[in-house]
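Examination of the molecular architecture
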Amino acid sequence: MSDSEVPAAERFDWWRDLTARQLLPTELSSDRTDDFHASVRMLQLGSVLLGAPECDGMRSVRTPRLIRRSDPELWMLTLVRSGSMWFEQGRDRAPLTVGDLIVHDTSRPFQSQILHQGGLARTVTLYLPRRVIPLPERLLRDRAVRPFPSQRGSAALLGRFLEQLLQQGLALESADCARLETVAVDLATVFLSAVTDTSRTVSPQTRRQALVRQIKSFVQHHLDRPDLSPGLIAAAHHISVRYLHHLFQQEEQSVGRYIRAQRLERCRADLTDGRQAGRSVAEIAAGWGFADSVVFNRAFRLAYGMPPGEYRRHASAG
C-alpha cells in the first residue's frame, strides 16, 4: 500500500490511520507532514504478521492510554533495512542502524523516531503473538531494546528470512503462508533463546528444523547461481559442510539432489509458461544453473519421463 495516489496534504493523516488499523495504534508526528511519503508491504502468515514500512522521518509513541484501549499482546522483532532510528522502552534507549535487530512488546509504553536523512527509512517487523514464543517474558523484556547485529548466528538466519519473505511475498500462495508461520515462529524462537541464554529450553528438533527450512529457502532463492554448492550454502549459514550434509541426511535426501530437484522444477515451470516461449530450452536450463545441456537433458528426462523439448511441445498442445 502506497500514498502515491493520496494528495500531499492528506498523506500523513492517511499513514496515521493506516498504521493504526493494519499494524499497531500509536501517536505519530513528523516535521514533514506537508510533504510526507510512505508505503508499506504486509504479509499475513497465519497468526504472524510481517510489516515492512518505508517512510519519511517521524516519531511514534505508544502511550498507556492506547495500551488500555487495545493490546494485541505481541512481541515485535524489528530489522532496520536502511536509514537510522532510535527506540526507547522502559529505561532502555538504543540507537539503531542498518542491520540491527531489536525486540520489544506492545504491552508497555514505547517511543521511537525514524531520522530523516535525505531518503525513506526502511524497516521490517515480525508481529508475533506472545503465546507462540515458549520463553519467559521476564527474560525477553530484559533483552528488549538492545540492538543485535544480524550478520551472524541466529540473528543472521532470521534477518535473511525476513528479507527473503519480502522478495517473495506477492508470489506466495495461501498454503505457503500457512507453512511459513511455523518457520517464522521457529526462527524467532531460536534467535530469542540465543539472546536470552535460554537455548536449552528450545528443543534441538526445533533448532534443527528452523535451520533446515532457512537453508532450503536460501537454496530456492539462489538456484540461478551456477556456483551454488554445499560449500557456498554452509558458509552462508555459518556451519560446516559436514554438518550441512548431516542435516539433509536426516531429511532422507542429499544437498545435491535437493538443488537439482528444485532447479528441474523451475525449468519445468518455465517450459510450460507461454510467456517463456521465446527462450530456448538451453537458455531456460542455463538460467536455472544448469551449465551443461547434456546433463540437464538427461536429468529432466529421468525426472519427467521425456526430454525437455518434447515436454514443452506436449504442454503447448495440451
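Placed above this text is the structure.
Along each chain, residue indices are assigned from 1 in the same order as the chain's sequence is written. Whole-chain, interface and lining totals are the exception, using all residues; otherwise, since this is a predicted model, local features are given only for residues with pLDDT of at least 70 and side-chain atom pairs are given and counted only at 80 or more. No hydrogens and no water enter the side-chain calculation; it runs on all heavy atoms of the structure.

Regarding the pairing of strand β9 (residues 110–115)
Following DSSP output, two strands are said to pair if at least two bridges run between them. Secondary structure elements are defined from DSSP: runs of H or I of at least 4 residues count as helices, runs of E of at least 2 residues count as strands, and each element is numbered from the N terminus. Note: strand β4 (residues 58–62) against β9, five bridges, orientation antiparallel. When the bridges of β9 are listed, Arg-62 appears paired with Phe-110. One ladder, built from six bridges, connects strand β6 (residues 84–89) with β9; its direction is antiparallel. Directly across from Trp-86, in β9, lies its bridge partner Gln-113.

Things to note about the packing of helix α4 (residues 153–168) against helix α6 (residues 204–221)
To get an axis, a line is fitted to the C-alpha atoms, and for a helix only the part in contact is used. The angle between two axes follows their N-to-C directions and goes from 0 to 180 degrees. Across the interface, α4 lies against α6 with an axial gap of 10 Å and an inter-helix angle of 45°. Between α4 and α6, the interaxial angle falls into the category oblique. When you trace α4 past α6, the crossing you get is left-handed. From α4, Leu-157, Arg-160, Phe-161, Gln-164, Gln-167 and Gln-168 reach across to α6, where they touch Leu-211, Gln-214, Ser-217, Phe-218 and His-221. Classification convention: Asp, Glu, Lys, Arg as charged; Ala, Val, Leu, Ile, Met, Phe, Trp, Tyr, Cys, Pro as nonpolar; all other residues, Gly among them, as polar. The class makeup of the residues in the contact of α4 with α6 is four nonpolar, six polar and one charged. Roughly parallel refers to an angle under 35 degrees, roughly antiparallel to one over 145, roughly perpendicular to one between 65 and 115, and oblique to any angle outside these ranges. What makes a crossing left-handed is the near helix being turned counterclockwise from the far one by less than a right angle; a clockwise turn instead makes it right-handed. Here a residue-residue contact requires only that any non-hydrogen atoms of the pair lie within 4.5 Å.

As for the pattern of salt bridges
Every case where a carboxyl oxygen of Asp or Glu lies within 4 Å of a side-chain nitrogen of Lys or Arg is listed as a salt bridge. Considering all chains together, one arrives at 16 salt bridges under this definition. Of the charged contacts, one joins Arg-93 and Glu-88 as a salt bridge, the two residues approaching to 3.3 Å between their closest N and O atoms. Glu-265 serves as the salt-bridge partner of Arg-268, at 2.7 Å between the closest nitrogen and oxygen. On the criterion of helical spacing, the pair formed by Arg-268 and Glu-265 is a turn pair, its members being three residues apart in helix α9 (residues 255–271). We classify Glu-265 as partly exposed; its relative accessible area is 33%. Beyond isolated ion pairs, a larger network of salt bridges with shared partners links Asp-105, Arg-108 and Arg-141. Burial status follows relative accessibility: with a 1.4 Å probe on protein chains alone, a residue under 20% of its type maximum counts as buried, one over 50% as exposed, and anything between as partly exposed.

As for the sheet that holds strand β5 (residues 74–82)
Spatially, the six strands line up as an open sheet ordered β2-β3-β10-β5-β8-β11, and their pairing is antiparallel. Either end of the sheet is taken by a strand with one partner, and the two such strands are β2 (38–45) and β11 (148–149). With respect to the sheet, helix α1 (residues 11–22) is in contact with β2 and β3 (48–55), its orientation differing from that of β2 by roughly 10°. Against the sheet, α4 contacts β2, β3, β5, β8 (100–105), β10 (121–129) and β11, and its axis sits at roughly 75° relative to β5.

Structural notes on the environment of Val-212
As for its placement among the helices and strands, Val-212 is situated in helix α6. On the basis of relative accessibility, which here comes to 3%, the residue Val-212 falls in the buried class. Residues Val-212 and Asp-3, 209 residues apart in the sequence, show an inter-C-alpha distance of 38 Å. Not counting the four nearest positions on each side in its chain, Val-212 is found in contact with Leu-247 and Glu-251.

Side note on helix α8 (residues 241–250)
Every buried residue belonging to α8 is among Leu-244, Leu-247 and Phe-248, and all of these are buried. Looking straight down α8, one finds that the buried residues subtend no more than 90° of arc, so they occupy a single side. In α8, the exposed positions angled more than 90 degrees off the buried face are occupied by Arg-242 and Gln-249. In the segment just after α8, Glu-252 is the residue with positive phi, at about 60°. Picture the helix axis, draw a direction to every C-beta atom, and the arc is the one those directions span.

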